[in-house]
Amino acid sequence: MLSVGSQQRVTPLPPEAALAFGHVALAFGRRLLELSDEQLGRLRGVASTDALLVLGAGADLPWCDGIAYFGREPEEPSLLLPCALSPVLPATLLAQALERRFEEQGLRRPFLISLDPPLLLAVGSARGLERAALRAWLEATGVQGAQG
Amino acid sequence: MGSDELFGDAELAELVASSSRVQAAVRSAAKGLIEREVLVELIALAAVAEEHVLVIGEPGTAKSEAVRRVARALGGRYFEYLLGRFTEPSELFGPVDLLKLQLGKLETVTAGMLPEADIAFLDEVFVGSTAILNTLLGILNERVFRRGSVDVAAPLRICVGASNKLPDEPALAAFADRFLVRTFVNPVGDSELEALLQAGLSRPSGGRPASLQDLDRLTKARAQVDLTPVQPALAQAIRLLRKSGIALTDRRIVRAQNLVAAAAVLSGRLRASSRDLWPLINAIPTAIEQDTAREVLRELLAESESVLTAAALDASASATARARRLALSAEPLLQAPAPDEPPQSRTLRIEGLLREIDASFPKDALPEPLPAVRERLRGLLAPVVPAP
């Protein structure tokens, strides 16, 4: 586990990704189903059993209470970092360390670093959001009567 | 050949490591001090820039404690003195060497005194006699101690001077101009009094996160930072300040670049950018002028970013300005909706503002009045799924 200290950014990054866990991820998934096909088509995502990550332009990312927003580090665009926090270590060093770590596992950039909770994600394999897949994910995580 | 190419990989790695250790030293020094993070960070910035700091504030506002902690965290020889009207030069620079005097030479025994200090704090710095100030000028300007037949290099990295107020007399103003970085401290505010009382009973943490070697490495790198990308912006900033009636001496204008370069190198950059312009505010002589400059230069400083977060936030006032702007943006949304506005459009506008609020600040650090604004905006949205 990579332990990286953080500090508040003076100038926040423009959001390009939204990450949610647990019940917030469920709310996020339902909110996404309320978007039009055109809006959904502009987003990409990856999901696990209890987390949902969506990538896209800031104005296209919906809001739910509890979502964490991430943006691209200007000095190292392969990194998605919290919009309001920056790691204490220089971004370039972090990117190099992650590249080496994930390359061996065949995982591709960009890399998302969540500082709270601490989490590393390689999101190069994110795919376009599809309504049916989103509905299936919501049902698999136990939500009754997903709308859409 | 760019700045990055002046350093091989190993040197760059050492530079980054030194920067990390100095950052750790700053955090360690600031821990337990209430509302003094800006001062501690400015001391570190000035040390890397090879400039000095003038702190203006009432007695008992932890000025000397802040400097002492930075000195402890960085190591090196520390000298501190409270000047008075009758302070003799020997109390700062050392006594005359009587043995040498008998041989007809005027030399000073400087062991343990200011000429041999790496970090110095001089309280009531403008109160000293002309003899003291003249000798100090040499140490501050050139890092040379001159007295009688003595002319030796002084290892001083940084001198922090403190005073209740800025001097009025022109002769003292010239001496004050040697302290490039200016910061103004007030007694701790009402909202932090409990924290002050608790911190007052705790002892500072020990340990030395960094060393003077780290500082020297950063200082050497600072001298090689490429400033050409920001010189047009700096010149524009000076013009804007002059238009607002804020005149900086030519010395101050030129040396402010050292602060910009120091900000860059501490943040791991060898090429300065618009993110590193914020220390310009601290090169402005008075508190009122600094406040004016924050407004006048707001757009120029909008991209400020630094590992010295408290100092950069204070200089650019960007967090406060951003919070104010977001609260103003919320006002129309918190009114009753226009009859012809589609509900979906209003929902998107509310979500957009909430997204910007949540992306702009850490969740536990929303500045006023945003917590209440956020809560009211959240209440306007229909819940998607009730929270468990």
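Residues numbered from 1 in each chain as written. Chains lettered and ligands numbered in written order. Predicted model: local features only at pLDDT ≥ 70, side-chain atom pairs only at ≥ 80, totals over all residues. Heavy atoms only, no water.

Student: Summarise the sheet that holds strand 6 (residues 158-163) of chain B; cite the residues concerned and give the values.
Tutor: Backbone-to-backbone hydrogen bonds pair the strands of a sheet. The strands run either parallel or antiparallel. Residues and elements named next belong to chain B. One open sheet holds the 5 strands; their spatial order is 2-3-6-1-7, and the pairing between them is parallel. On the outer flanks of this sheet lie strand 2 (78-82) and strand 7 (181-185), each paired with one strand and no other. For this sheet, the mean angle separating the axes of adjacent strands, direction not counted, is 15°. When strand 1 (residues 53-57) meets strand 6, the two strands line up parallel, connected through 4 bridges. Across the sheet, I56 pairs through a bridge with S163, a residue of strand 6. Packing of helix 2 (residues 37-49) onto the sheet brings it into contact with strand 1, strand 6 and strand 7, and relative to strand 7 it is tilted by some 170°. (Pairing = 2+ DSSP bridges. Helix = DSSP H or I, 4+ residues; strand = E, 2+ residues; numbered from the N terminus. Axes fitted to C-alpha atoms, helices over the stretch in contact; angles between N-to-C directions. Contact = heavy atoms within 4.5 Å.)

Student: Describe the interface of chain A and chain B, naming the residues involved and giving the relevant values.
Tutor: Facing 31 residues of chain A, the contacting portion of chain B comprises 37 residues. Across the chain A to chain B interface the summed buried area is about 2900 Å²; carbon plus sulfur atoms make up 55%. The three residues of chain A that bury the most area against chain B are Q8, V10 and W63 of chain A, which together make up 27% of that side's buried surface. If you look at where chain A meets chain B, you find 3 salt bridges. Note that R374 of chain B is salt-bridged to D65 of chain A, the shortest N-O span being 2.5 Å. Here chain A and chain B share 8 residue pairs in polar contact (both at pLDDT 80 or more) between them. If you list the elements that add at least two residues to the side of chain A that touches chain B, you get strand 1 (6-8) and helix 1 (22-33) of chain A. The element that contributes the greatest number of residues to the side of chain A that touches chain B is helix 1 of chain A, accounting for 4 residues. Residue composition of the side of chain A that touches chain B, by class: 17 nonpolar, 7 polar and 7 charged. (Buried area = accessible area lost by both parts, 1.4 Å probe. Salt bridge = Lys/Arg side-chain N within 4 Å of Asp/Glu carboxyl O. Polar contact = N/O pair within 3.5 Å; in protein donor to acceptor, adjacent residues only side chain to side chain. Nonpolar A, V, L, I, M, F, W, Y, C, P; charged D, E, K, R; others polar.)

Student: Can you explain the nonpolar core? Please cite residues and give values.
Tutor: Formed by 127 residues in total, the largest nonpolar core has its most connected members in F28, L32 and L79 of chain A together with L45, W278 and L377 of chain B. Counting residues per element, this core draws most heavily on helix 2 of chain B, at 11 residues. (Core = buried A, V, L, I, M, F, W, Y, C linked by side-chain atoms within 4.5 Å. Buried < 20%, exposed > 50% of the residue type's maximum accessible area, 1.4 Å probe, protein only.)

Student: Go over the packing of aromatic side chains with me, naming the residues and quoting the values.
Tutor: All names here are of chain B. Considering all chains together, one arrives at 4 aromatic pairs over all chains under this definition. On the basis of an interplanar angle of 10° and a centroid distance of 6.1 Å, the ring pair of F79 and Y81 is categorised as stacked. Each member of the aromatic cluster is reached from another via a ring pair, and the members are F126, F175 and F179. (Phe/Tyr/Trp six-rings, centres within 6.5 Å; stacked < 30°, edge-to-face > 60°.)

Student: I'd like to hear about the pattern of salt bridges, residue by residue, with values.
Tutor: In total, this model carries 34 salt bridges over all chains according to the counting rule given. Taking the shortest distance from any N to any O, the salt bridge between E351 of chain B and R31 of chain A comes out at 2.5 Å. One end of the pair, E351 of chain B, is in helix 15 (residues 343-360); the other, R31 of chain A, is in helix 1, on a second chain. Judged on exposure class, the residue E351 of chain B and its partner R31 of chain A are both buried. Where R157 of chain B meets D216 of chain B, a salt bridge forms, and the shortest distance between an N and an O atom there is 2.7 Å. Of the two residues, R157 of chain B sits in the loop between strand 5 (150-153) and strand 6 while D216 of chain B sits in helix 9 (residues 212-222), which places them 59 residues apart along the sequence. With relative accessibility at 18%, the residue R157 of chain B sits in the buried group. A relative accessible area of 33% places D216 of chain B in the partly exposed class. Residues joined by salt bridges that share partners form a network here, namely D65 of chain A together with D358, R374, E375 and R378 of chain B.

These results come straight from atomic positions and should not be treated as a statement about function.
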